[in-house]
Amino acid sequence: MSAKILEKQQLSENVFKLVLDAPKIAKKRKAGQFVVLRIHEEGERIPLTIADADPAKGTLTIIFQVVGKSTAHLSGLEAGDSLLDLVGPMGQPTHVEKIGTVVCVGGGVGVAPVYPITQAMKNAGNHVISIIGARCKDLIIMEEEMKAVSDEIIVTTDDGSYGYHGFVSQALEEKYLMTGDKKIDMVVAIGPVPMMRALCDVTKKYNVPTVVSLNSIMVDATGMCGACRVTVGGKTRFVCVDGPEFDGHQVDFKELIDRQRIYLDQEKQCYDHYCTCRQQGKGA
Amino acid sequence: MEMKERLKILRQPMPEQDPQVRKRNFDEVPLGYTPEVAKAEALRCIQCKKPECVEGCPVEVDIPGFIALIAEGKFIDAARKIKQTNALPAVCGRVCPQEVQCEVRCVRGKKAEPVAIGRLERFVADYERAAGEVSIPKIENMTGKKIAVVGSGPSGLTVAGDLVQMGHDVTIFEALHAAGGVLVYGIPEFRLPKAIVAAEVDYLKKLGVKIETSNVIGKVATVDELFAEGYDAVFLGTGAGLPSFMNIPGENLNGVYSANEYLTRSNLMKAYRFPEYDTPIVRGKNVAVIGGGNVAMDSARTAMRLGADHVYLVYRRSRQEMPARIEEIHHAEEEGIELHLLTNPIRYIGNDKGWVTGIECLQMELGEPDDSGRRRPVPIKGSEFIKDVDTVVVAIGAGSNPLVQSTTPGLDTNKWNYIVADEETGQTSREGVFAGGDIVTGAATVILAMGAGRKAARAIHKYVMSK
Ligand SMILES: Cc1cc2nc3c(=O)[nH]c(=O)nc-3n(C[C@H](O)[C@H](O)[C@H](O)COP(=O)(O)OP(=O)(O)OC[C@H]3O[C@@H](n4cnc5c(N)ncnc54)[C@H](O)[C@@H]3O)c2cc1C
Ligand SMILES: Cc1cc2nc3c(=O)[nH]c(=O)nc-3n(C[C@H](O)[C@H](O)[C@H](O)COP(=O)(O)OP(=O)(O)OC[C@H]3O[C@@H](n4cnc5c(N)ncnc54)[C@H](O)[C@@H]3O)c2cc1C
Ligand code: SF4
Ligand code: SF4
Ligand code: FES
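Note that the structure is a prediction, hence the values are computed from the model and not measured.

Attention now moves to the overall build of chain B. For chain B, the count of helices and strands is 18 helices and 16 strands. Along the first, second and third principal axes, the C-alpha set of chain B runs to 70 × 65 × 50 Å. In chain B, which comprises 467 residues, the proportion classed as buried is 58%. Long-range pairs, those at least 24 residues apart, make up 69% of the contacts in chain B between residues at least 6 apart in sequence. For chain B, the exposed area adds up to about 18,900 Å²; of that, 52% sits on carbon and sulfur atoms.

Let us now look at the overall build of chain A. Each helix and strand counted, chain A has nine helices and 16 strands in total. Taken over C-alpha atoms, the radius of gyration comes to 18 Å for chain A, in line with the 19 Å a tight globule of 284 residues would show. With the principal axes as the frame, chain A shows a C-alpha extent of 60 × 40 × 40 Å. In chain A, the share of contacts with a sequence separation of at least 24, taken over all contacts with a separation of at least 6, comes to 64%. Element-wise, carbon and sulfur atoms account for 48% of the exposed surface of chain A, whose accessible area totals about 11,700 Å². Between the mean site of the 32 positive side-chain charges and the mean site of the 35 negative ones, chain A shows a separation of 3 Å.

This brings us to the site of ligand 1. Residue and element names in this part refer to chain A. Taken together, 23 residues sit near ligand 1, with Pro47, Ile63, Gln65, Ser70 and Thr71 positioned nearest. Contacts to ligand 1 include Ile63, whose backbone N or O atom sits 2.9 Å from a nitrogen atom. Separating an oxygen atom of ligand 1 from a backbone N or O atom of Gln260 is a distance of 3.2 Å. Here ligand 1 has 860 Å² of accessible area as a free molecule, and 89% of this is covered by the chains. For the shell around ligand 1, the secondary structure elements donating two or more residues are strand E4 (46–54), strand E5 (59–65), helix H2 (69–75) and helix H9 (264–279). With four residues, the top contributor of residues to the shell around ligand 1 is E4. Of the residues assigned to the shell around ligand 1, the class counts are eleven nonpolar, eight polar and four charged.

The interface is formed by 46 residues belonging to chain A together with 45 residues belonging to chain B. For the pair chain A and chain B, the two sides together bury roughly 3,700 Å², of which 53% comes from carbon and sulfur. Three residues stand out in chain A for area buried against chain B, namely Met224, Arg229 and Tyr263 of chain A, and they jointly supply 18% of the buried area on that side. Counting across the interface, chain A meets chain B through two salt bridges. Between Glu225 of chain B and Lys28 of chain A there is a salt bridge; the shortest N-O distance is 2.8 Å. Those elements giving two or more residues to the side of chain A that touches chain B turn out to be helix H1 (23–28), H2, strand E7 (85–90), strand E14 (229–232), strand E15 (235–238), helix H8 (253–260) and H9 of chain A. Considering every element that reaches the side of chain A that touches chain B, the biggest residue donor is E7 of chain A, with six residues.

Before going further, it helps to examine the sheet that holds strand E7 (residues 286–290) of chain B. Residues and elements named next belong to chain B. Pairing within the open sheet is parallel, and its five strands lie in the order E6-E14-E7-E8-E9. Both outer strands of the open sheet, strand E6 (256–258) and strand E9 (338–340), are each paired with one neighbouring strand and no more. Strand-to-strand twist of the sheet, defined as the mean angle between neighbouring strand axes without regard to direction, takes the value 20 degrees. Examined bridge by bridge, strand E8 (residues 310–314) and E9 share three bridges and lie parallel to one another. Bridge assignment links Val314 to a residue of E9, and that residue is His340. Sitting on the sheet, helix H14 (residues 259–268) touches E6 and strand E14 (391–394), and the angle it makes with E6 is about 85 degrees.

So, on to the pattern of salt bridges. Residue and element names in this part refer to chain B. The tally for this structure, following the rule as stated, stands at 49 salt bridges over all chains. Among the salt bridges present, the one from Arg80 reaches Glu128, with a minimum N-O distance of 4.0 Å. Residue Arg80 is found in helix H6 (residues 75–83), and its partner Glu128 is found in helix H9 (residues 117–130); the two are separated by 48 residues along the sequence. Measuring nitrogen to oxygen at the nearest pair gives 3.3 Å for the salt bridge that ties Arg317 to Asp370. Taken as a pair, Arg317 in the loop between E8 and helix H16 (326–334) and Asp370 in the loop between strand E11 (356–369) and strand E12 (375–379) lie far apart in primary sequence, 53 residues in all. Here the two residues Arg317 and Asp370 agree in accessibility, since each one is buried.

What follows covers helix H6 (residues 193–205) of chain A. Residue and element names in this part refer to chain A. Here H6 is 13 residues long and its end C-alpha atoms lie 19 Å apart, about the 18 Å a rise of 1.5 Å per residue gives. Residues of H6 that are buried include every one of Val193, Met195, Met196, Leu199, Cys200, Val202 and Thr203, and no others. Asn207, located one to two residues past H6, shows a positive phi value of around 60 degrees.

We now examine the packing of helix H5 (residues 168–177) of chain A against H6 of chain A. Residue and element names in this part refer to chain A. Closest axis-to-axis distance for the H5/H6 pair is 8 Å, and the angle between their directions is 20 degrees. The angle between the axes of H5 and H6 places the two elements in the roughly parallel class. The chirality of how H5 crosses H6 is right-handed. Judged by residue contacts, Val168, Ser169, Leu172, Glu173 and Leu177 of H5 engage Met195, Ala198, Leu199, Val202, Thr203 and Lys205 from H6. Residues that form the contact of H5 with H6 fall into these classes: seven nonpolar, two polar and two charged.

With that out of the way, let us pick up the domain arrangement of chain A. All names here are of chain A. Annotation of chain A at the domain level lists domain 1 (3–90) and domain 2 (94–206). Of note, the centres of domain 1 and domain 2, computed from C-alpha atoms alone, are 24 Å apart. On the side of domain 2, 13 residues touch domain 1, which itself brings 13 residues to the contact. Where domain 1 abuts domain 2, roughly 990 Å² becomes buried across the two surfaces, and 66% of that area is made up of carbon and sulfur atoms. For the domain 1 face of the interface with domain 2, the top three residues by lost area are Ala31, Ala51 and Ile63, together amounting to 39%. Between domain 1 and domain 2 we count zero salt bridges in total. Between domain 1 and domain 2 we count one residue pair in polar contact (both at pLDDT 80 or more) in total. Here the side of domain 1 that touches domain 2 takes four residues from E4, the largest share from any one element. Partitioned by chemical class, the residues of the side of domain 1 that touches domain 2 number seven nonpolar, four polar and two charged.

Cut-offs used in this document
Residues numbered from 1 in each chain as written. Chains lettered and ligands numbered in written order. Predicted model: local features only at pLDDT ≥ 70, side-chain atom pairs only at ≥ 80, totals over all residues. Heavy atoms only, no water. Helix = DSSP H or I, 4+ residues; strand = E, 2+ residues; numbered from the N terminus. Buried < 20%, exposed > 50% of the residue type's maximum accessible area, 1.4 Å probe, protein only. Contact = heavy atoms within 4.5 Å. Areas by Shrake-Rupley, 256 points an atom, 1.4 Å probe, with all protein chains shown as cover. Rg over C-alpha atoms; globule rule 2.2 N^0.38 Å. Lys, Arg positive; Asp, Glu negative; His and termini not counted. Charge placed at Lys NZ, Arg CZ, Asp CG, Glu CD. Near = heavy atom within 4 Å. Polar contact = N/O pair within 3.5 Å; in protein donor to acceptor, adjacent residues only side chain to side chain. Nonpolar A, V, L, I, M, F, W, Y, C, P; charged D, E, K, R; others polar. Buried area = accessible area lost by both parts, 1.4 Å probe. Salt bridge = Lys/Arg side-chain N within 4 Å of Asp/Glu carboxyl O. Pairing = 2+ DSSP bridges. Axes fitted to C-alpha atoms, helices over the stretch in contact; angles between N-to-C directions. Expected span 1.5 Å × (residues − 1). Parallel < 35°, antiparallel > 145°, perpendicular 65-115°, else oblique. Left-handed = near helix turned anticlockwise from the far one by under 90°. Domains from an automatic or database assignment.

Below you can see the structure in the form of structure tokens.
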């Protein structure tokens, strides 16, 4: 199915938000699920988390960071344009229940996928603490939205230009785990893999169950190809159908990082090709 | 022509691209018969009164019938004759294992070589398409019944084509962005040009079949929700699209692919045309392909075309046991694929960046026959050796994708999670739900999936009309 772009908004230098017309998916999706899209005939299939949805209006929100050719192309589309293909909702929904105090951590553009989970955790009656972070103030996204669905919130920046000076993992440890003021029942973390790994190292020390959402490379996202495989607890799992969420303490992060780099050279070649073509006014 | 003359005609060879040229391009390997060659080949058929060949064809194509029309030069009529029982002759003529189906039963094969039934089938289908003479039958009586077909592989396409012609309102739901199943994502361009599949799909659309791509049943809607939306029956033709791995060390290293991923990147996503197409693929120099079936052959020949210096086909049994079509093994060898028979990988070796650099194998010998009746390969002690490779494609079979089964209560499955369905009707344990093709039988063939689709279409028609 194709999908029309209804709204577009730039959230920070490299992060964009699109609202898509996708009534069937909007009706079915649950927190933690994602879509796969293809912009044009020669395009890749890329997975993006459903950051929000309005079943009544039949709309979906996706928020993405420009990291290569496909996301750059996507950022160049405008309201009124259409995506060639949109499929979803894919993946297992987040397991949401009332368990007490939940910390939702989002790093960089990871705030977008953690937002619907935070919302669901809050609606389930949990005490929700959010920690969102980025390299600097200008890269913080969705602070207001996150505030609205959290009981407490900490904003961190690596350079100290805003909020807590340091990484999200440090804020979590220093403000909560070390003090022991509040019993933390669960942590949900989404962001760059090194961030999730660092965070899991911290929560392991304190024995706090931690769920991470993995962004392995995908092709079909229906469980058919195995491109997305990761090792969790010594077993091979497919992120697209078994995940994307897994027990962070069991994930082989080194393997995930290696696998994300398989196409580094070709991705660069593809992006350069795209940029050159654009400069010459030839389109993509 | 006199019978004696006809018996003297030799089987007409298929013109092919030169192996040295074709091993570096993705164009189709066999070039097809010309009308003259087709007529000559058609004359070899002695028009048996009790044609054995027809018994070998799972959908009982009227083989002597269409071949007689070719001999008379009535190519379009010949195509229509085949289409009475086989909706996809251009596909079957290319990919059917004729050597174990129709052609193996041909009486001419007893003294000389069998009639080239597959090549003739392909010829007329191509002729009809090129002539632009594909006729669209008019559908008279609409029944008002709605039928959902899940999956657009050969089984789903057949069910849809048959039911729409019986006057039903048919919608196909396909998970991927293109229709055709394995025909578009698995079998490579050089064996089955995608334009042919697209033409067949287009034909169904012209007949009135609606095709909803990018719709995963079990996710965007369950089978029960399809009934709630007003569908009167559902056909499940979801295929055997779950990649198998051997669970040996190093299988998740970079550069180790499942055949499904490797072929999907190349075929469906057109990675072989990167960077014109955005999807990348590793273009290995020393590639090992594990397995001995059609999927392994397709992977190995794809690797060669992507620029490999060496492609090793690693198979644990001997040549006799290889499940791939003889023609494909022959083509692969001509293109320089190196067969390592009676060889089994035991682990992959990687570097510190997580990339595969080698494969450790064991030499095997054949022991007693196993359950499949084939002699079981047993390892030879101390025969371990290492081969340097930078890419591996694991093509050791496929399992059933659980998306539909796990979201359809009351749908019975067997111990491998394939759907249990009646062989004659496709009826499953759920009323109004039918199934056929690889999701019932496990990985099989295009024509068997089509045969199952045809039977299910009849049963579905009967079911919805009696409701
Ligand atoms: C379940 C899931 C949810 C995701 N949600 C979001 C989201 O909400 N917002 C967001 O900004 N990003 C998200 N991503 C990551 C996003 O899919 C990639 O950034 C995007 O595919 C990059 O494409 P590109 O062509 O722009 O970059 P490329 O130049 O192709 O790649 C840049 C990097 O992105 C990753 N990547 C490349 N191709 C794929 C692919 N097909 N699938 C997954 N990762 C890939 C690789 O690590 C690569 O090194 C998600 C990924 C997954 C698996
Ligand atoms: C590489 C390769 C080479 C082959 N070569 C040959 C050959 O030479 N000759 C031969 O006869 N056979 C060959 N085969 C086998 C043959 O292709 C299959 O037996 C045949 O395609 C099975 O048809 P099917 O309709 O059952 O399923 P498939 O062709 O597998 O199609 C199933 C379709 O259903 C879709 N689907 C799955 N789940 C869902 C869902 N939940 N919702 C919506 N859609 C869904 C899939 O995306 C797919 O498109 C080959 C197979 C492979 C993989
Ligand atoms: S459909 Fe296949 S088996 Fe039947 S006649 Fe044609 S090539 Fe032979
Ligand atoms: S068995 Fe051979 S010769 Fe006889 S009808 Fe069939 S194709 Fe012709
Ligand atoms: S992306 Fe293909 S199996 Fe997960």
